[in-house]
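# Examination of the molecular architecture
Chain by chain, the residues run as shown.
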Amino acid sequence: MTVTHNSERVLGTLLDSVERHLEGARMVLVDNASGDRSLELARGRSWISAFGLDENIGFGRACNLG
């Protein structure tokens, strides 16, 4: 489970690492209303359940939703 907010610059590296080192892993990603392509990057991977929020509700609340 991870929470993103305007994380496009580093998200690809995280997701590549998970794929490389945790074969068969599943991930839940909650995006806190990013203005970049964070959500699209996550939705491009079949092993991620990605949810986009309309507003930034903060890390803790987004974790609870995930």
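What comes next is a walk through the structure. The shown structure was predicted, so the numbers you read here are calculated from the model rather than taken from an experiment.

### Considerations on the overall build of the protein chain
Each helix and strand in the protein chain was counted, giving 3 helices and 3 strands. Secondary structure elements in the protein chain, listed N-terminal to C-terminal, are β-α-β-α-β-α. Taken along its principal axes, the extent of the C-alpha atoms in the protein chain is 30 × 25 × 15 Å. For the protein chain, the proportion of its 66 residues judged to be buried stands at 35%. Element-wise, carbon and sulfur atoms account for 48% of the exposed surface of the protein chain, whose accessible area totals about 4300 Å². The averaged location of the 9 negative side-chain charges in the protein chain is 3 Å from the averaged location of its 7 positive side-chain charges.

### Some details on the pattern of salt bridges
If you walk through the whole model with that rule in mind, you get 3 salt bridges. For E8, the salt bridge is made with R37, and the minimal N-O distance between the two is 3.4 Å. Placement of E8 in helix α1 (residues 8-21) and of R37 in the loop between β2 (27-31) and α2 (38-43) is noted, with a sequence separation of 29 residues between them. Given the relative accessible area of 29%, E8 is considered partly exposed. Between D16 and R45 there is a salt bridge, with its nearest N and O atoms 3.0 Å apart. Remark: R45 occurs in the loop between α2 and β3 (48-52) and D16 occurs in helix α1; sequence separation between them is 29 residues. Among the ionic contacts, a cluster of salt bridges with common partners joins D16, E19 and R45.

What counts as what
- Residues numbered from 1 in each chain as written.
- Predicted model: local features only at pLDDT ≥ 70, side-chain atom pairs only at ≥ 80, totals over all residues.
- Heavy atoms only, no water.
- Helix = DSSP H or I, 4+ residues; strand = E, 2+ residues; numbered from the N terminus.
- Buried < 20%, exposed > 50% of the residue type's maximum accessible area, 1.4 Å probe, protein only.
- Areas by Shrake-Rupley, 256 points an atom, 1.4 Å probe, with all protein chains shown as cover.
- Lys, Arg positive; Asp, Glu negative; His and termini not counted.
- Charge placed at Lys NZ, Arg CZ, Asp CG, Glu CD.
- Salt bridge = Lys/Arg side-chain N within 4 Å of Asp/Glu carboxyl O.

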